[in-house]
Amino acid sequence: ELRSGRGTLRWLLTDGRNSTLVSSDRSRTMLMSRSAGAPLKAGNSKNDEAAKVTKLEEYIKARDYTGALALLEFNRKTGEEDEDKTLMWIGYSAFHLGQYQRGYDAYQEVINTSGNPPHEVYLYQAACLYYMQMYSQAEEKATEYVQVSKNALKDKIQRATTDEAVQEKSKELKRERMKSQEQYQKMAADKPPSDEEVRQQITKEIEAEHSTQKAPELSLKNRLLFHLAHKIDDQDKLMLRHQELTDTQEDQLSLAAIHYLRSHFQEATDIYKRLLLENRDDLALNVYVAMCYYKLDYYDVSLEILAVYLQAHPDSAIAVNLKACNHFRLYNGRAAEAELKVLSDQGHNLQANDLIRHNMVVFSMGDSALQVLPQLVDFIPEARLNLVIYYLRHEGVQEAFDLIKDLEPSTPQEYILKGVVNASVGQDAGSREHIKMAQQFFQLVGASASECDTIPGRQCMASCFFLLKQFEDVNIYLNSIKAYMYNDDDFNWNHGISLAQTGNFKAAEEALLLVQNEKYKAEYCYISWLARCYISNGQPRNSWELYLKMDTSNESFNLLQLIANDCYRMGQFLYAAKAFDVLERLDPDPEYWEGKRGACVGVFQQVVAGKQQREDLRDVLAMMRNTSNPQVEYMVRIIKKWCNENGVKIG
């Protein structure tokens, strides 16, 4: 029995990384460039207006979106501010607070109340929907933005190409020609442009102006659709949007984010490091580089790079959380919790931050998992996976399966978890279909170029071969990572059984004895394999003691059969006789008498040959007398005669 593949499992931390439309703190204002740059109108007093604008700008600059939102709501109630612009700022602040529904509603109110709402408001709504994981609706809003922009451009062109407008444009072109006498003389012979040619020129000028003015919005739209294509796993659209990305910082940050989300951490690191060289003052890039190194398992390097950002922003929840994640990997959960205490000491409410609540469950190895994780499964991807791990570790195999069965895996961790769950279900229910699926998931990870030389990758290949019962191959993979897994009970369980399956009972015994988990050690699978190792290594007494510690049950009966048959096969007749004796008393099957008879004769033969202690014949005679069979008296008489002739006292 495979230890459910659980040796491949690790608690999955969330490092605070979400897909990046526009990434760093400095560039995030690009998301709302129009509303952020628009001047606010307030009251009749220019001084009051300037003070309010300044105060709002200070809130935004300090990233105090809670304060900004409170000010905006107050201004809205007083009615002193321009309603549409206030709503745009409310949407902006709510979005940056993670209150995406509130942001969406503010933008919708702009659309409902404004006669001519700014076109980008549809795009901002799409961004809110994206973060609410409503991907199809987000795509529809982005399409609506495109249509509204097209209609506005079309109306503008129509207004600019009326007959009167064309005639006025023709006069303007003529005046421009007349500015230079030389040019006028040269052009005089030329045929003046027709009305249609003038219309085409006007159209080109308007379209060029539109493209220039809308460039930031169009770039944001492309980034949004780029991320949506990734979320809905549309590879054709993903490549199309990829081709439309430019070399601007925002587009490159978005590309790096997609690499990160697709587990291409080295490619993401390369982009972030290049951007960091070009933008030394953009400290948030240090966090992204640190996240990549964390994912690449370079925890020390991640901490070193992260320190640059933390020196400037020691109260950053994302950065402190990432530091705690690194400490968890390097040390333990207690060290990670100590890092989060820094935020608590600074006045942060840790329970109000879903990201930190999630990781605190991980740091405590699952404490409060059932209270915290179910609320987060739709918002934090790792929460679903960690809840599955929790169920697996607490024998909730069916609950784990129900939670993950509809998940389409896209990362190595998800493939591994699907494999583990299917292996568990397959072994519990005897389902070959689930076992086959588990094999496929494990093989996909273990054979992939990015994972084949990692510890989880080799564990996956070992698990695949284990389920295929190709134990020689299992040992090759497990031996290659043995030095890193010495204290891992799941690893030692699987390695011990695999070694025993290939006949290496000495190494198998050593591996199984390394298992410390008392629950594992109480399972019949573990006890039976350890008993077999003891017998094969010439320690039948240890296997008999394993039986004596068990309560009477079907499992203890099965262990007796194993001890009886294996000891008989190995020539350890005394313990074979003891086992057959108990079996015969529990179930008077003639086969057990035959086994006991043969084992007793074997002990007598070994005593005669000087290979067994003479005192053991007392036990043999006592066991023989437990059976009512005509052959017993004859055998007892032969043994007693030999004892008398050789001076053996049998009492």
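Residues numbered from 1 in each chain as written. Predicted model: local features only at pLDDT ≥ 70, side-chain atom pairs only at ≥ 80, totals over all residues. Heavy atoms only, no water.

## Let's talk about the overall build of the protein
Inclusion rule: To qualify as a helix, a DSSP run of H or I must reach at least 4 residues; to qualify as a strand, a run of E must reach at least 2; elements of each kind are numbered from the N terminus. Partly exposed residues are those whose accessible area sits between 20% and 50% of the maximum for their type, while under 20% is buried and over 50% is exposed, using a 1.4 Å probe and protein chains only. The contact criterion used is simple: two residues touch if any of their non-hydrogen atoms lie within 4.5 Å. Reported accessibility uses the Shrake-Rupley method at a 1.4 Å probe radius. Residues are deemed covered only where the shown protein chains occlude them.
In terms of helices and strands, the protein carries 36 helices and zero strands. The buried share among the 651 residues of the protein stands at 48%. Counted over contacts in the protein with a minimum sequence separation of 6, partners at least 24 positions apart contribute 57%. When the accessible area of the protein is evaluated, it comes to approximately 33300 Å², of which 48% is carbon and sulfur surface.

## Points about the pattern of salt bridges
Here is the rule: The working definition used for a salt bridge is a side-chain nitrogen of Lys or Arg within 4 Å of a carboxyl oxygen of Asp or Glu.
Evaluation of the coordinates by the stated rule reveals 21 salt bridges. Between Glu-339 and Lys-323 there is a salt bridge; the shortest N-O distance is 3.4 Å. Separated by 16 residues along the polypeptide, Glu-339 in helix α18 (residues 333–345) and Lys-323 in helix α17 (residues 317–330) bring together distant segments of the chain. Look at Glu-339 and you get buried, because its relative accessible area is 16%. Relative accessible area serves as the criterion here: at 27%, Lys-323 is assigned to the partly exposed category. Note that Arg-541 is salt-bridged to Glu-545, the shortest N-O span being 3.5 Å. Separated by four residues within a single helix, Arg-541 and Glu-545 lie in helix α31 (residues 540–548), roughly one turn from each other. On the accessibility criterion, Arg-541 (52% relative accessible area) is exposed. Residue class for Glu-545 comes out partly exposed when judged on its relative accessible area of 33%. One salt-bridge network, held together by shared partners, links Asp-581, Glu-584, Arg-585 and Lys-596.

## Concerning the packing of α18 against helix α19 (residues 354–363)
Here is the rule: Fitted lines through C-alpha atoms give the axes, limited to the stretch in contact for helices. The angle between two N-to-C directions lies from 0 to 180 degrees. For classification, angles of less than 35 degrees are called roughly parallel, those exceeding 145 degrees roughly antiparallel, those between 65 and 115 degrees roughly perpendicular, and all remaining angles oblique. By convention the crossing between two helices is left-handed if the near helix lies anticlockwise of the far one by an angle smaller than a right angle, and right-handed if it lies clockwise. By the convention adopted, Pro, Cys, Tyr, Trp, Phe, Met, Ile, Leu, Val and Ala count as nonpolar, Lys, Arg, Asp and Glu as charged, and the other residues, Gly among them, as polar.
In contact at an axis separation of 9 Å, α18 and α19 are set at 150 degrees when each is read in the N-to-C sense. Relative to α19, the element α18 is oriented roughly antiparallel. Every pair of crossing elements has a handedness; the one defined by α18 and α19 is left-handed. The residues of α19 that touch α18, namely those facing Gly-333, Ala-336, Glu-337, Leu-340 and Leu-343, are Ile-356, Met-360 and Phe-363. The class makeup of the residues in the contact of α18 with α19 is six nonpolar, one polar and one charged.

## Quick notes on helix α35 (residues 616–624)
Rules: Directions are taken from the helix axis to each C-beta atom, and the arc is the one they span.
Of all the residues in α35, the buried ones are Asp-616, Leu-617, Val-620, Leu-621, Met-623 and Met-624. Here the buried residues of α35 occupy an arc of 165 degrees about the axis, which is enough to place them on one side. In this structure, the buried side of α35 is in contact with α33 (573–586), α34 (590–608) and α36 (630–645).

## What about the packing of aromatic side chains?
Operational definition: Ring pairs are drawn from Phe, Tyr and Trp, using the six-membered ring of Trp, whenever the two centres fall within 6.5 Å, and their geometry is named by plane angle: stacked under 30 degrees, edge-to-face over 60, tilted for the rest.
Under the criterion given, the structure shown has 24 aromatic pairs. A ring pair is formed by Tyr-293 and Tyr-298, whose centres lie 6.1 Å apart and whose planes are at 70 degrees; its orientation type is edge-to-face. Exposure remark for Tyr-293: the relative accessible area of 14% places this residue in the buried category. Since its relative accessible area comes to 46%, Tyr-298 is described here as partly exposed. An aromatic cluster is defined as three or more aromatic residues linked by ring pairs; in this entry it consists of Phe-95, Tyr-100, Tyr-130, Tyr-131 and Tyr-135.

## Some points on the layout of surface pockets
Just so we agree on the cut-off: Definitions used throughout: a 1 Å grid over protein atoms alone; a cavity as a set of points that fits a 1.4 Å probe which cannot get out; a pocket as an open set with protein on both sides within 12 Å along at least five of seven lines; a lining residue as one with an atom within 4 Å of a point. Grid points are joined across faces, edges and corners, and a volume is the space filled by probe spheres set on the points.
Quantified by volume, the second largest pocket comes out at close to 290 Å³. Along its surface, the second largest pocket is lined by 13 residues, and Lys-521, Tyr-526, Leu-530, Leu-546 and Lys-549 are the ones closest to its centre. Looking at the lining of the second largest pocket, the elements with two or more residues in it are α29 (518–521), α30 (524–536) and α31. Ranked by residue count, the leading element in the lining of the second largest pocket is α30, at four residues. A breakdown of the residues in the lining of the second largest pocket according to their chemical character gives eight nonpolar, one polar and four charged.

## A look at the confidence of the model for the protein
Rules: You can read pLDDT as the predictor saying how much it trusts each residue, on a scale of 0 to 100.
Of the residues in the protein, 85% reach a pLDDT of 70 or more, and the chain-wide mean stands at 85. Summarising per-element confidence for the protein, the mean pLDDT is lowest in helix α1 (residues 33–37) (32) and highest in helix α28 (residues 505–513) (97). Across residues 4–10, confidence stays below pLDDT 50; counting only partners more than four residues off in sequence or on other chains, it has 32 contacts.

## Re the nonpolar core
Going by this rule: We define a nonpolar core as any set of buried Ala, Val, Leu, Ile, Met, Phe, Trp, Tyr and Cys residues linked to one another through side-chain atoms lying within 4.5 Å.
Grouped together as the largest cluster of nonpolar side chains are 67 residues, with contacts concentrated most on Trp-544, Ile-563 and Met-624. Ignoring sequence-local partners within four residues, the contact set of Trp-544 consists of Leu-560, Ile-563, Tyr-575, Lys-578, Ala-579 and Val-582. Counting 45 residues, the second largest nonpolar core, distinct from the first, contains Ala-256, Ile-258, Ile-305 and Ala-336.

## So, the environment of Arg-637
Within the fold, Arg-637 resides in helix α36. With a relative accessible area of 52%, Arg-637 lands in the exposed category. Through-space distance from the C-alpha of Arg-637 to that of Leu-621 is 9.9 Å; in sequence the pair is 16 residues apart.

## With respect to the state of the cysteines
Quick note on the threshold: Cysteine sulfur atoms that come within 2.5 Å of each other are treated as a disulfide pair.
According to the stated counting rule, one finds zero disulfides in the structure shown. Cysteine Cys-460 remains unbridged, with the sulfur of Cys-464 as its closest cysteine sulfur at 9.2 Å. In this structure Cys-460 comes out as buried when scored by relative accessible area, which is 0%.

## Concerning the packing of helix α6 (residues 120–131) against helix α11 (residues 215–231)
Direction vectors running N to C along α6 and α11 enclose 25 degrees, while the axes themselves pass 11 Å from each other. With respect to their mutual orientation, α6 and α11 come out roughly parallel. Note that α6 runs across α11; the crossing there is left-handed. Here Glu-120, Leu-123, Tyr-124, Ala-126, Ala-127 and Tyr-130 of α6 come into contact with α11, specifically with Glu-217, Leu-220, Lys-221, Leu-224, His-227, Leu-228 and Lys-231. Classifying every residue of the contact of α6 with α11 gives eight nonpolar, one polar and four charged.

## So, unusual backbone geometry
Positive phi, normally seen in glycine, also occurs at Gln-133, with a value near 65 degrees. Relative to the helices and strands, Gln-133 is located in the loop between α6 and α7 (135–160). Its relative accessible area of 36% is what places Gln-133 among the partly exposed residues. Backbone geometry at Met-365 places phi at a positive 60 degrees, although glycine is not the residue there. One can find Met-365 in the loop between α19 and α20 (369–372). The class for Met-365 is partly exposed, based on a relative accessible area of 47%.

## Some remarks on the environment of Leu-129
Within the secondary structure layout, Leu-129 lies in helix α6. Sequence separation between Leu-129 and Gln-101 is 28 residues; the distance between their C-alpha atoms is 7.9 Å.

## Brief notes about the side chain of Lys-418
For clarity, the cut-off: His residues and chain termini do not enter the charge count, which takes Lys and Arg as positive and Asp and Glu as negative. Here a polar contact means two N or O atoms within 3.5 Å. Within protein one must be a hydrogen donor candidate and the other an acceptor candidate, and residues neighboring in sequence count only if both atoms are side-chain atoms.
Turning to its location among the elements, Lys-418 is positioned in helix α23 (residues 412–429). Within the buried core, Lys-418 has no salt-bridge partner, and the shortest N-O distance to an opposite charge, that of Glu-408, equals 6.3 Å. Of the polar contacts made by the side chain of Lys-418, one reaches the backbone oxygen of Leu-407; its length is 3.2 Å.

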